[in-house]
Amino acid sequence: MKLNIEKSWLNLLDIEFNQKYFLNLTDFVKKQYKATDCFPKENQIFAAFNKCTFKDIKVVIIGQDPYHGIEQANGLCFSVNSVIKNPPSLINIFKEINSSFDIRSESDLSDWANQGVLLLNSILTVEKGSPGSHAKKGWEEFTESVIKLISTKKQNIVFMLWGGYAKKKEYLIDPSKHLILKSGHPSPMSANRGYWFGNKHFSKCNDYLKENGIKDICWS
């Protein structure tokens, strides 16, 4: 696994990259990518960081692990390549956006990342057809360090925590400095039971950013 990660992140996370857990994680990922099909592509593992520099972060959305189907994952949580049919969770995300903003259908969320939205999966790699297969190998420790770093060094960041898994990361975030938005997960099981639709996270986020003199996000 090559550390093809944007320079500002490389410098800030240098201490993590030299920890024993991360060296073991690197070895595991290298072996997995050689032995079987894994996602995203190796050069996209750190896409969330490469498309959203530390300086530019305005919003953090936390996912679990990458999509495990062919050509789906592109290194950004909830995002898929444009040629892929929108997954159910992404469809529900767009429905919620469309309740407040213009209609969106583009499934590659790179434009969000380019505006300062860190689309961070807790686990950055996965084996084909096997969700959670790279859990508890070190990725969680790494991404929790990233969340703590952002909370400590930044101000007025909007953290969106969707579903029980993401909500468990709340303890890493200082609520006196940042806005934490919580709701059910956009997956059909949660959304259809009333835990997702109507949360107004995207409009609440933009209101908070504007109140703090920060340019809002074009979600559409």
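Provided above is the structure to which this section pertains.
About the cut-offs
Residues numbered from 1 in each chain as written. Predicted model: local features only at pLDDT ≥ 70, side-chain atom pairs only at ≥ 80, totals over all residues. Heavy atoms only, no water. Pairing = 2+ DSSP bridges. Helix = DSSP H or I, 4+ residues; strand = E, 2+ residues; numbered from the N terminus. Axes fitted to C-alpha atoms, helices over the stretch in contact; angles between N-to-C directions. Contact = heavy atoms within 4.5 Å. Phe/Tyr/Trp six-rings, centres within 6.5 Å; stacked < 30°, edge-to-face > 60°. Buried < 20%, exposed > 50% of the residue type's maximum accessible area, 1.4 Å probe, protein only. Salt bridge = Lys/Arg side-chain N within 4 Å of Asp/Glu carboxyl O. Disulfide = S-S within 2.5 Å. Core = buried A, V, L, I, M, F, W, Y, C linked by side-chain atoms within 4.5 Å.

Description of the sheet that holds strand 6 (residues 179-183)
Here we have four strands laid out as an open sheet, ordered 3-2-5-6, and parallel in their pairing. Either end of the sheet is taken by a strand with one partner, and the two such strands are strand 3 (117-121) and strand 6. Going across the sheet, the axis of each strand differs from the next one's by a mean of 20°, ignoring polarity. Sheet topology note: the strand 5 (residues 158-162)/strand 6 ladder contains five bridges and is parallel. When the bridges of strand 6 are listed, F159 appears paired with I180. The sheet strands contacting helix 10 (residues 201-211) are strand 2 (59-63), strand 5 and strand 6, and the helix crosses strand 5 at an angle near 165°.

What to know about the packing of aromatic side chains
Summed over the entire model, instances satisfying the criterion amount to 18 aromatic pairs. Judged by centre distance (6.0 Å) and plane angle (55°), the rings of F49 and F142 are tilted. Placement of the pair is F49 in helix 4 (residues 47-51) and F142 in helix 7 (residues 139-153), with a sequence separation of 93 residues. The same class applies to F49 and to F142, which are both buried. Centre to centre, the rings of W162 and W196 are 4.8 Å apart; their planes meet at 80°, and the pair counts as edge-to-face. In this pair, W162 is assigned in strand 5 and W196 in the loop between helix 9 (188-191) and helix 10, connecting sequence segments 34 residues apart.

Some remarks on the pattern of salt bridges
Counted by the stated rule, this structure contains six salt bridges. Put simply, K31 and D27 hold a salt bridge, and the shortest N to O gap is 3.2 Å. Here K31 pairs with D27, and both are found in helix 3 (residues 20-35), just four residues apart, close to one helical turn. Note that K182 and E170 form a salt bridge whose closest N and O atoms lie 3.1 Å from each other. Taken together, the positions of K182 in strand 6 and E170 in the loop between helix 8 (163-167) and strand 6 put the pair twelve residues apart, joining distant regions of the chain.

Remarks on the state of the cysteines
Inspection of the entire model under this criterion finds zero disulfides. Distance from the sulfur of C205, which forms no disulfide, to the nearest cysteine sulfur (C52) is 12 Å. Not part of a disulfide, C218 finds its nearest cysteine sulfur in C205, a span of 12 Å.

Regarding the nonpolar core
In this structure, W9, F49, I61, F142 and W219 are the most contacted members of the largest nonpolar core, which totals 70 residues. Apart from residues lying up to four places away in sequence, W9 is in contact with F17, F49, C52, T53, F54, I57, L118, V146, L149 and I150.

Considering helix 5 (residues 88-98)
Taken residue by residue, helix 5 has S89, L90, N92, I93, F94, E96 and I97 as its buried positions. At its buried positions, helix 5 is contacted by helix 6 (110-114), strand 5, helix 9 and helix 10.

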